[in-house]
Amino acid sequence: MADVKDMAILYDTSKCTACKGCQVACKQWNQLPSPLKDSAYEFSGSYENPSELGPATWLRMTFNEVEPDDGGVQWNFGRQGCLHCTDATCETVCPVGAIRRASTGALALDREKCIGCRYCVNSCPAGVPHWDAVANKTSKCRMCEDRVVNGLQPACVSTCPTGALSFGRRDEMVSAARERLTGLHGGGHTKAEVFGIDELGGTHVLTVAHRGAEAHGLTPGMQAPSAVSLWQLLKPLAAIGTAAVAGVFGLSFLTGIGYRRDELTLEDREKEVG
Ligand code: SF4
Ligand code: SF4
Ligand code: SF4
């Protein structure tokens, strides 16, 4: 087993062509069906597809289109997927320990243990985990733990043809990101910044955003919701009576946290997995 403690992915928007090779590699390695089927060939007004993450879409490239004053369209490519936060809300709120910190630094979700409560779905500030209505389980990126512990790079990283993705120890990726930032500033990209050094306690997916984090679909300074700290204090009570505690405190937690999303219906799920 490879020595892979505290690893991180570094994504550099300035080198990304949005070829979506990483998106496809993720599906291929993790055997996730496409939600698009025949509609994959229909132009929906944007080259960004699918339009959101789902139980079978753990990574998607975002295009973040803007229309500059001088006309035309500018794309600010971004990457949406699990950030593998140090302050991982999903891990904190899971009442059955189905989400655990792997030695790689990633947050791995054990579908065998998952009871489909969707606390992680509703609490993740980045909208990452998605519930599968058919299986009543939740899914998300695992930073390819099965590859990484065997000395391989995550599938997305290994397929990137432009060098926009790199992988290594988190401290080395932070240094590489800072160095790249200095180069971008020197090259006139004055808005360039790094997302993930401090956000969410420090993420294990870092982004060098050459037009600024916000332009690439990220929220600079993002932190875990404060309600999660309260939950962290309450969670030990779950050992005394998980169901009762989760029912009473969990509901109020979910109501107050403000990250609720619509549940997938069976019909949505059928569209998702085909
Ligand atoms: S494979 Fe690399 S260049 Fe292609 S979309 Fe992914 S990060 Fe961008
Ligand atoms: S991005 Fe969401 S799902 Fe991923 S580790 Fe952070 S809180 Fe958990
Ligand atoms: S690390 Fe693996 S599971 Fe996560 S987005 Fe990349 S390919 Fe998908």
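The structure this text deals with has already been given above.
Residues numbered from 1 in each chain as written. Chains lettered and ligands numbered in written order. Predicted model: local features only at pLDDT ≥ 70, side-chain atom pairs only at ≥ 80, totals over all residues. Heavy atoms only, no water.

**Q** Describe the overall build of the protein, naming the residues involved and giving the relevant values.
**A** What the protein contains, in helices and strands, is nine helices and 12 strands. Relative to its 274 residues, the protein shows a buried fraction of 48%. Long-range pairs, those at least 24 residues apart, make up 62% of the contacts in the protein between residues at least 6 apart in sequence. Here the protein displays about 13600 Å² of accessible surface, and carbon together with sulfur accounts for 52% of that area. (Helix = DSSP H or I, 4+ residues; strand = E, 2+ residues; numbered from the N terminus. Buried < 20%, exposed > 50% of the residue type's maximum accessible area, 1.4 Å probe, protein only. Contact = heavy atoms within 4.5 Å. Areas by Shrake-Rupley, 256 points an atom, 1.4 Å probe, with all protein chains shown as cover.)

**Q** Give a detailed account of the environment of Ala-126, specifying residues and quantitative values.
**A** Tracing the sequence through the fold places Ala-126 in the loop between α3 (119–123) and β8 (130–132). Residues Ala-126 and Cys-82 lie 44 residues apart in sequence; the distance between their C-alpha atoms is 7.6 Å. Filtering out sequence-adjacent residues up to four positions away, Ala-126 remains in contact with Gln-80 and Leu-83.

**Q** Could you give an account of the pattern of salt bridges, with specific residues and numbers?
**A** According to the stated counting rule, one finds five salt bridges in the structure shown. Note that Glu-48 is salt-bridged to Arg-60, the shortest N-O span being 2.9 Å. Here the residue Glu-48 occupies a position in the loop between α1 (21–30) and β2 (59–62), and Arg-60 occupies one in strand β2, the gap between them amounting to 12 residues. Taken as a pair, Glu-48 and Arg-60 share a single burial class, namely buried. Glu-145 is paired through a salt bridge with Arg-100; the nearest N and O atoms lie 3.1 Å apart. Taken as a pair, Glu-145 in helix α4 (residues 145–148) and Arg-100 in strand β6 (residues 99–101) lie far apart in primary sequence, 45 residues in all. (Salt bridge = Lys/Arg side-chain N within 4 Å of Asp/Glu carboxyl O.)

**Q** So what's going on with a nonpolar patch on the surface? Which residues, and what values?
**A** Judged by side-chain polarity, Phe-43, Tyr-47, Val-73 and Trp-75 come together as a nonpolar surface patch covering roughly 450 Å² of accessible area. Summarising the element assignment, Tyr-47 is placed in the loop between α1 and β2. (Patch = residues over 30% accessible without salt bridge, like charges linked within 9 Å, V, L, I, M, F, W, Y side chains within 5 Å.)

**Q** Describe the site of ligand 1, with residues and values.
**A** The environment of ligand 1 is formed by 14 residues, the closest being Cys-16, Cys-19, Lys-20, Cys-22 and Cys-160. Looking at the shell around ligand 1 residue by residue, the classes come out as 10 nonpolar, three polar and one charged. (Near = heavy atom within 4 Å. Nonpolar A, V, L, I, M, F, W, Y, C, P; charged D, E, K, R; others polar.)

**Q** Tell me about α1, residues and numbers included.
**A** Among the residues of α1, those classed as buried are Cys-22, Gln-23, Ala-25, Cys-26, Lys-27 and Asn-30. Of the surrounding secondary structure, the elements contacted by the buried residues of α1 are β2, α5 (155–159) and β10 (165–169). Two residues or fewer after α1 comes Gln-31, characterised by a positive phi angle close to 50 degrees.

**Q** Please give an account of the nonpolar core that cites residues and values.
**A** Residues Ile-9, Tyr-11, Cys-156, Leu-165 and Phe-167 are the most contacted members of the largest nonpolar core, which totals 49 residues. Put simply, the parts of the chain that give this core at least two residues each are β1 (7–12), α1, β2, β7 (107–109), α3, α5, β10 and β12 (205–209). Among the elements that line this core, the one with the most residues is β1, at three residues. Leaving out residues up to four positions away in the same chain, Tyr-11 has contacts with Cys-16, Met-61, Phe-77, Gly-78, Arg-79, Ala-164, Leu-165, Leu-206, Thr-207 and Val-208. One finds Ala-8, Met-173, Ile-197 and Val-208 within the second-largest nonpolar core, a separate group that totals 12 residues. (Core = buried A, V, L, I, M, F, W, Y, C linked by side-chain atoms within 4.5 Å.)

**Q** Can you explain the site of ligand 2? Please cite residues and give values.
**A** All residues in the neighbourhood of ligand 2 are listed as Cys-82, Leu-83, His-84, Cys-85, Thr-89, Cys-90, Leu-107, Cys-124, Val-128, Pro-129 and Lys-140. Residue classes in the shell around ligand 2 are distributed as eight nonpolar, two polar and one charged.

**Q** An account of the packing of aromatic side chains is needed here, citing residue identities and associated values.
**A** For the structure shown, the criterion picks out four aromatic pairs. Taking the centre distance of 5.8 Å and the plane angle of 80 degrees together, the rings of Tyr-47 and Trp-75 count as edge-to-face. One end of the pair, Tyr-47, is in the loop between α1 and β2; the other, Trp-75, is in strand β4 (residues 74–75), with 28 residues separating them in the sequence. Owing to a relative accessible area of 47%, Tyr-47 belongs among the partly exposed residues under this scheme. Seen from their ring centres, Phe-63 and Trp-75 are 5.5 Å apart, and the 85 degrees between their planes marks the pair as edge-to-face. (Phe/Tyr/Trp six-rings, centres within 6.5 Å; stacked < 30°, edge-to-face > 60°.)

**Q** Got a sec to walk through the sheet that holds β10? Specific residues and values, please.
**A** Across the sheet, four strands lie side by side as β10-β1-β12-β11; this open sheet has mixed pairing. Two strands lie at the open edges of the sheet, namely β10 and β11 (193–195), each paired on one side alone. Between one strand and the next, the sheet's axes are offset by a mean angle of 20 degrees, whatever the strand orientation. When β1 meets β10, the two strands line up antiparallel, connected through five bridges. Of the residues in β10, the one forming a bridge with Tyr-11 is Leu-165. In this fold helix α6 (residues 170–186) packs onto β1, β10, β11 and β12, with an angle of close to 135 degrees to the strand it touches most, β10. (Pairing = 2+ DSSP bridges. Axes fitted to C-alpha atoms, helices over the stretch in contact; angles between N-to-C directions.)

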